[in-house]
Amino acid sequence: MLSAMTSMSNKAGTEKSLWERVRLYASALLAVVLLPLLMACEEQAQEQKTYTVAMEATFPPYEFYRDGEIAGIDVDILKEIGRRNNVNFRLEDMAFDSIITAVQTGKVDLVISGLTVTEDRRRQVDFTRSYSGARQVIIVKKGSAIKGAEDLFNARLGVQHGSSGDIYVTEHIKEPERFTNGALAVSAMNAGKLDAVILDNAPAENHVAGSPELTILPTALAEEEYAMAIRKGNKELLDMLNSSLDAMEADGTLHEIIERHMRDNKPEEEKRAESMLGRLADDFRTDFIKNNRWHYLADGFLVTIEIAAAAALVGIALGFLIAVIRSTADLTGKLRVPDMICRLYLTVVRGTPVVVQLLIIYFVIFGSVDVNKVLVAIVAFGLNSAAYVAEIIRSGIMSVDRGQMEAGRSLGLGYGCTMRNVILPQAFKNVLPALGNEFIVLLKETSICGYIALQDLTKGGDIIRSQTYDAFLPLIAVALIYLSMVILLSHLLKKLELRLKKNER
Ligand code: ARG
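Residues numbered from 1 in each chain as written. Predicted model: local features only at pLDDT ≥ 70, side-chain atom pairs only at ≥ 80, totals over all residues. Heavy atoms only, no water.

Chemist: Mind showing me how you'd approach the overall build of the protein here?
Modeler: Helix and strand content of the protein: 18 helices and 11 strands. Within the protein, the fraction of its 505 residues that count as buried is 46%. In the protein, the share of contacts with a sequence separation of at least 24, taken over all contacts with a separation of at least 6, comes to 73%. Carbon together with sulfur atoms contributes 60% to the accessible area of the protein, which is approximately 26,400 Å² in total. (Helix = DSSP H or I, 4+ residues; strand = E, 2+ residues; numbered from the N terminus. Buried < 20%, exposed > 50% of the residue type's maximum accessible area, 1.4 Å probe, protein only. Contact = heavy atoms within 4.5 Å. Areas by Shrake-Rupley, 256 points an atom, 1.4 Å probe, with all protein chains shown as cover.)

Next comes the structure, spelled out in structure tokens:
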């Protein structure tokens, strides 16, 4: 018996050790095969570090849209740095007056955007070494009375908002008119609204090449240097960028990139038709058909719809909650503390512009986290709309005759039950037109999304304008698309209203 047990355990022992050996071999084999693979993956994950980059991409030849993508000197410099250091760069096109804040708050890792080194900016960010020189030049209409800087004092001047040109003109000449980009300032001049535009020389040459009536004066206002900007104290990134720029300068790559882009720094040739209708057809072709520019509108349209619809849902849900809390406090004297919080919320939200709220949510609240911008917009517009929806619904609740509540209660229904089944359905019907109005406002309000570099419908039109210098058709197209959306929305609301009315009978 004992021996039998020993032999059994022995057998089991040998079997176990055999099994263990198999397992050992198998794991060794797996390790041999998988480890290098895992390590490679790991390495790749480490190697492919991605930096986010802010730029304002209406600045040819440094950054501009070509075939729907951002191209230019700055983009090629980044590509080359990426190749040399095995890192990735993700580009974010945003308003120029936001890009320094973006890097300062850590929203992006660096800025490359034809950005001039200035002492004021140096206080906020660290600059790399310079990679290109530039000048602030004066663009005027051919034959203009303005012949030099001394004639600018009585002229109507246009600049890009927040640019070094803006700073120079404001300090030394007078308050200029500020545009979101230089191209828009140039089209304002083409439309007779300005006498001169102060802009960096390279984009100025590009714009002038595209507008035969314009010319650049020979004397420059200021000499400048372009460099990249990063968050203060990020030494590792600064060193990588600087040493790459040094190497690219030494082996001629930097020079080659700049020369290549400067050589074809002009908008593509357009032949203009003679008749007005022919001109319009030409413009239509350049604005929408060429380079598939209509895509900017189509993609923007989808972004606008997405944000407006989701924000409306957030607005309804939160607004409804606030309205019920507030009217319950009014009607019953309960919920005093939540009511106070709601009131404070309404005061703050309705007391500040939605664009400021959007910027605060993006730059401050979600400051150092990498969060989807569509989500930021939905949160911002949703929170904003909730305040208005809340007051609309509350006014609806309060407009229902007090007797209705008393009747419900005297029938033995509880407060909540009367609210749900008697008051709210009537209130909803009463406020439907006002709610519809709020959604129409919300839909159009999303047009400020461009402030946080979201390409919504309005921004799509802006990009086309900055490429074709034609203000008319892109703006009309954008307006028509919003108008159609609003007409459709009103129609649907009307139908809903009729439906509710029918149910009443
Ligand atoms: N060099 C000027 C500045 O730094 C203008 C730069 C504008 N750049 C741009 N990508 N829009 O202020």
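Chemist: What is the right way to look at the pattern of salt bridges in this model?
Modeler: Should their charged atoms come close, side chains of opposite charge can pair. Using the criterion set out here, one finds 25 salt bridges in the structure. Asp 251 is the partner of Arg 84 in a salt bridge, and the nearest nitrogen-oxygen pair spans 2.9 Å. Here Arg 84 is found in helix H2 (residues 73-85), whereas its partner Asp 251 is found in the loop between helix H8 (235-250) and helix H9 (253-263), with 167 residues between them in sequence. In this structure, Asp 126 and Lys 232 form a salt bridge, with 3.1 Å as the shortest nitrogen-oxygen distance. On the criterion of sequence distance, the pair formed by Asp 126 in strand S6 (residues 126-141) and Lys 232 in the loop between strand S11 (222-230) and H8 is long-range, its members being 106 residues apart. Put simply, Arg 326, Asp 330, Arg 336, Asp 339, Arg 343, Glu 391 and Arg 394 are held in one network by salt bridges that share partners. (Salt bridge = Lys/Arg side-chain N within 4 Å of Asp/Glu carboxyl O.)

Chemist: Mind showing me how you'd approach the site of the ligand here?
Modeler: The full set close to the ligand counts 15 residues, and Glu 56, Ser 113, Thr 116, Ser 164 and Asp 200 are the nearest of them. Glu 56 is positioned with one of its side-chain polar atoms (N or O) 2.7 Å from a nitrogen atom of the ligand. Here a nitrogen atom of the ligand and a side-chain polar atom of Ser 113 are 2.7 Å apart. Surface burial for the ligand is 100%, taken as the share of its 340 Å² of free accessible area covered by protein chains. Along the lines of polarity and charge, the residues of the shell around the ligand split into 4 nonpolar, 6 polar and 5 charged. (Near = heavy atom within 4 Å. Polar contact = N/O pair within 3.5 Å; in protein donor to acceptor, adjacent residues only side chain to side chain. Nonpolar A, V, L, I, M, F, W, Y, C, P; charged D, E, K, R; others polar.)

Chemist: Sorry, what's going on with helix H12 (residues 336-351) here?
Modeler: It helps to recall that an α-helix has 3.6 residues per turn; residues three or four apart then point in one direction. For H12, with 16 residues, the first-to-last C-alpha span of 22 Å sits near the 22 Å given by 1.5 Å per residue. Every buried residue belonging to H12 is among Asp 339, Cys 342, Leu 346 and Val 349, and all of these are buried. Seen end-on, H12 carries its buried residues on one side only, within an arc spanning 100°. In H12, the exposed positions angled more than 90 degrees off the buried face are occupied by Val 337, Met 340, Ile 341, Leu 344, Thr 347 and Gly 351. On the buried face of H12, the contacting elements are helix H11 (294-332), helix H13 (354-365) and helix H14 (373-399). (Expected span 1.5 Å × (residues − 1). Arc of directions from axis to C-beta.)

Chemist: Where do I start with unusual backbone geometry in this structure?
Modeler: With glycine set apart, most residues show a phi of negative sign, and most peptide bonds adopt trans. In this structure, the amide linkage connecting Pro 60 to the following residue, Pro 61, adopts the cis form with an omega of 5°. Here Pro 61 shows up in the loop between strand S1 (50-55) and strand S2 (64-66). The phi angle at Asn 292 is positive, at roughly 55°, despite the residue not being glycine. Note on placement: Asn 292 falls in the loop between helix H10 (276-289) and H11. Unusually for a residue other than glycine, Leu 335 sits at a positive phi of about 55°. The topology assignment puts Leu 335 in the loop between H11 and H12. Residue Leu 335 is classed as partly exposed on the basis of its relative accessible area, which comes to 39%.

Chemist: For this particular structure, what's the right way to read the packing of aromatic side chains?
Modeler: Across all of its chains, the model carries 7 aromatic pairs by this definition. Seen in terms of ring centroids, Tyr 62 and Tyr 226 are 4.9 Å apart; in terms of plane orientation they differ by 85°. Their pairing is edge-to-face. With a gap of 164 residues between them, Tyr 62 in the loop between S1 and S2 and Tyr 226 in strand S11 connect regions that are remote in the sequence. You can call Tyr 62 buried: its relative accessible area is 1%. Taken together, Phe 59, Tyr 62 and Tyr 226 form an aromatic cluster joined through their ring pairs. When the ring centre of Tyr 362 is taken as reference, the NZ or CZ atom of Lys 107 above it lies at 4.6 Å. (Phe/Tyr/Trp six-rings, centres within 6.5 Å; stacked < 30°, edge-to-face > 60°. Lys NZ or Arg CZ within 6 Å of the ring centre and 35° of its normal.)

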